[in-house]
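# Remarks on the overall topology
Here are the chains, one letter per residue:
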Amino acid sequence: RHFSNIELYVCKCSSPIVGAGAYCESGVGGATATGDGDQMMRFLPSFAAVNYMRAGISVEKACKLAMEPIAKNYPNASGGLVCVDASGRHSASLIGMPSFPYSVQTAHMSDPEVITVKL
(Lines give C-alpha, C1' and ligand atoms only; values in the text may rest on other atoms or scores of the structure.)
Protein backbone atom coordinates (compact mmCIF):
# COMPACT_ATOMS: atom_id res chain seq x y z
CA ARG A 1 0.00 0.00 0.00
CA HIS A 2 1.37 3.40 -0.93
CA PHE A 3 1.29 6.44 1.32
CA SER A 4 0.63 9.05 -1.35
CA ASN A 5 -2.47 10.25 0.51
CA ILE A 6 -0.96 10.31 4.02
CA GLU A 7 0.47 13.57 5.31
CA LEU A 8 2.81 13.60 8.28
CA TYR A 9 3.47 17.00 9.86
CA VAL A 10 6.75 17.43 11.69
CA CYS A 11 8.78 19.97 13.60
CA LYS A 12 10.95 21.98 11.21
CA CYS A 13 14.13 21.61 13.26
CA SER A 14 14.42 17.79 13.17
CA SER A 15 12.53 17.06 9.95
CA PRO A 16 15.65 17.25 7.72
CA ILE A 17 17.10 14.32 9.70
CA VAL A 18 15.55 11.18 8.16
CA GLY A 19 13.91 9.15 10.92
CA ALA A 20 13.95 11.95 13.49
CA GLY A 21 11.03 14.10 12.33
CA ALA A 22 9.23 11.62 10.08
CA TYR A 23 9.77 8.32 8.32
CA CYS A 24 7.53 6.25 6.00
CA GLU A 25 7.97 2.97 4.20
CA SER A 26 5.45 1.67 1.65
CA GLY A 27 3.72 -1.48 2.81
CA VAL A 28 4.82 -0.98 6.42
CA GLY A 29 3.74 2.37 7.83
CA GLY A 30 4.88 5.79 8.88
CA ALA A 31 5.63 7.82 11.97
CA THR A 32 6.16 11.43 12.93
CA ALA A 33 7.74 12.82 16.09
CA THR A 34 7.88 16.12 17.91
CA GLY A 35 9.46 17.28 21.12
CA ASP A 36 13.00 17.82 22.34
CA GLY A 37 14.76 17.97 18.98
CA ASP A 38 18.20 16.88 20.11
CA GLN A 39 16.79 13.66 21.62
CA MET A 40 14.67 13.04 18.54
CA MET A 41 17.72 13.44 16.30
CA ARG A 42 19.82 11.20 18.53
CA PHE A 43 17.32 8.31 18.88
CA LEU A 44 15.37 8.54 15.56
CA PRO A 45 12.05 7.39 17.05
CA SER A 46 10.15 7.66 13.75
CA PHE A 47 12.63 5.35 12.03
CA ALA A 48 12.65 2.99 15.01
CA ALA A 49 8.85 2.74 15.09
CA VAL A 50 8.65 1.85 11.40
CA ASN A 51 11.37 -0.78 11.90
CA TYR A 52 9.35 -2.32 14.75
CA MET A 53 6.25 -2.41 12.53
CA ARG A 54 8.28 -4.03 9.75
CA ALA A 55 9.24 -6.75 12.26
CA GLY A 56 5.55 -7.47 12.84
CA ILE A 57 5.04 -5.52 16.06
CA SER A 58 1.67 -3.78 16.41
CA VAL A 59 1.46 -0.05 15.76
CA GLU A 60 0.62 0.57 19.44
CA LYS A 61 3.62 -1.38 20.76
CA ALA A 62 5.97 0.00 18.07
CA CYS A 63 5.10 3.56 19.13
CA LYS A 64 5.82 2.82 22.79
CA LEU A 65 9.03 0.88 22.11
CA ALA A 66 10.43 3.68 19.95
CA MET A 67 10.06 6.23 22.76
CA GLU A 68 11.41 4.04 25.58
CA PRO A 69 15.14 4.71 24.99
CA ILE A 70 14.55 8.46 25.14
CA ALA A 71 12.62 8.20 28.42
CA LYS A 72 15.24 5.86 29.88
CA ASN A 73 18.27 7.98 28.98
CA TYR A 74 16.66 11.42 29.35
CA PRO A 75 13.99 11.23 32.07
CA ASN A 76 13.25 14.98 31.78
CA ALA A 77 12.74 14.89 28.00
CA SER A 78 9.36 15.52 26.46
CA GLY A 79 7.96 14.50 23.13
CA GLY A 80 5.30 12.67 21.21
CA LEU A 81 5.28 10.08 18.44
CA VAL A 82 2.36 9.33 16.13
CA CYS A 83 2.43 6.10 14.11
CA VAL A 84 0.22 4.60 11.41
CA ASP A 85 0.57 1.19 9.82
CA ALA A 86 -0.13 0.22 6.21
CA SER A 87 -3.69 -0.82 7.16
CA GLY A 88 -4.45 2.62 8.60
CA ARG A 89 -4.31 1.65 12.27
CA HIS A 90 -2.81 4.49 14.29
CA SER A 91 -1.45 5.10 17.74
CA ALA A 92 0.63 7.61 19.67
CA SER A 93 3.06 7.58 22.55
CA LEU A 94 4.34 10.42 24.70
CA ILE A 95 6.95 11.15 27.33
CA GLY A 96 7.32 14.04 29.75
CA MET A 97 3.90 15.56 29.05
CA PRO A 98 0.53 14.92 30.71
CA SER A 99 -1.22 14.65 27.33
CA PHE A 100 -0.58 14.85 23.61
CA PRO A 101 -3.26 15.53 20.97
CA TYR A 102 -3.06 14.40 17.35
CA SER A 103 -5.62 14.40 14.57
CA VAL A 104 -6.71 11.78 12.07
CA GLN A 105 -8.80 12.16 8.94
CA THR A 106 -9.57 9.44 6.41
CA ALA A 107 -11.14 9.82 2.98
CA HIS A 108 -14.46 8.74 4.55
CA MET A 109 -14.48 11.48 7.19
CA SER A 110 -15.74 15.01 6.55
CA ASP A 111 -13.74 16.46 9.47
CA PRO A 112 -10.62 15.38 11.31
CA GLU A 113 -10.94 13.59 14.64
CA VAL A 114 -8.73 14.88 17.46
CA ILE A 115 -7.41 12.14 19.71
CA THR A 116 -5.72 12.95 23.00
CA VAL A 117 -3.23 10.46 24.44
CA LYS A 118 -2.62 10.70 28.18
CA LEU A 119 0.47 9.68 30.09
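Scroll up a little and you will see the structure.
Residues numbered from 1 in each chain as written. Predicted model: local features only at pLDDT ≥ 70, side-chain atom pairs only at ≥ 80, totals over all residues. Heavy atoms only, no water.

### Re the packing of helix α2 (residues 45–54) against helix α3 (residues 59–73)
This is how it is decided: Here the axes come from fitting lines to C-alpha atoms, over the contacting stretch only for helices, and the angles between their N-to-C directions go from 0 to 180 degrees. A run of H or I in DSSP becomes a helix once it reaches four residues, and a run of E becomes a strand once it reaches two; helices and strands are each numbered from the N terminus. Roughly parallel means an angle under 35 degrees; roughly antiparallel means over 145; roughly perpendicular covers 65 to 115; every other angle is labelled oblique. Handedness of a crossing is defined here by the sense of rotation of the near helix relative to the far one, left-handed for an anticlockwise turn of less than a right angle and right-handed for a clockwise turn. Should any heavy atoms of two residues lie within 4.5 Å, those residues are counted as being in contact. Note on residue classes: Ala, Val, Leu, Ile, Met, Phe, Trp, Tyr, Cys and Pro are nonpolar, Asp, Glu, Lys and Arg are charged, and everything else, Gly too, is polar.
Between α2 and α3, the least distance of the axes is 8 Å, while the angle of their chain directions is 140°. By the angle between their axes, α2 is oblique relative to α3. Here α2 runs over α3; the crossing is right-handed. Residue-level contacts link Pro-45, Ala-48, Ala-49, Tyr-52 and Met-53 of α2 to Val-59, Ala-62, Leu-65, Ala-66, Met-67 and Ile-70 of α3. Residues that form the contact of α2 with α3 fall into these classes: 11 nonpolar, no polar and no charged.

### Describing the pattern of salt bridges
We count it as follows: Whenever Lys or Arg places a side-chain nitrogen within 4 Å of a carboxyl oxygen from Asp or Glu, that contact is recorded as a salt bridge. When a residue's accessible area, from a 1.4 Å probe over protein chains only, is under 20% of the maximum for its type it is buried; when over 50% it is exposed; and in between it is partly exposed.
One pass over the structure, following the stated rule, counts 2 salt bridges. Put simply, Arg-54 and Glu-25 hold a salt bridge, and the shortest N to O gap is 2.5 Å. Of the two residues, Arg-54 sits in helix α2 while Glu-25 sits in strand β1 (residues 22–25), which places them 29 residues apart along the sequence. Residue classification places Arg-54 among the partly exposed residues on the basis of a relative accessible area of 43%. By relative accessible area, which is 23% here, Glu-25 ends up partly exposed.

### A short note on the packing of aromatic side chains
Keep this limit in mind: Pairs were defined over the aromatic rings of Phe, Tyr and Trp, the Trp ring being its six-membered one, requiring ring centres within 6.5 Å. Orientation was assigned from the angle between planes: stacked under 30 degrees, edge-to-face over 60, tilted for the rest.
By the definition in use, this model includes 2 aromatic pairs. Plain terms: the ring middles of Phe-43 and Tyr-74 are 6.1 Å apart, the flat faces sit at 75° to each other, and that makes the pair edge-to-face. Of the two residues, Phe-43 is situated in helix α1 (residues 37–43) and Tyr-74 in the loop between α3 and β3 (79–85); the sequence distance between them amounts to 31 residues. A residue is classified by how much of its surface remains accessible, and Tyr-74, at 30% relative accessible area, is partly exposed.

### What about the sheet that holds β1?
Applicable threshold: Pairing between strands requires that DSSP locate at least two bridges from one strand to the other.
If you walk across this open sheet you meet the 4 strands as β1-β2-β3-β4, and the pairing is antiparallel. Pairing within the sheet leaves two strands with one partner each, and these edge strands are β1 and β4 (90–95). Strand-to-strand, the axes of this sheet are offset by a mean angle of 10°, without reference to chain direction. Relative to strand β2 (residues 29–35), β1 runs antiparallel, the two sharing 4 bridges.

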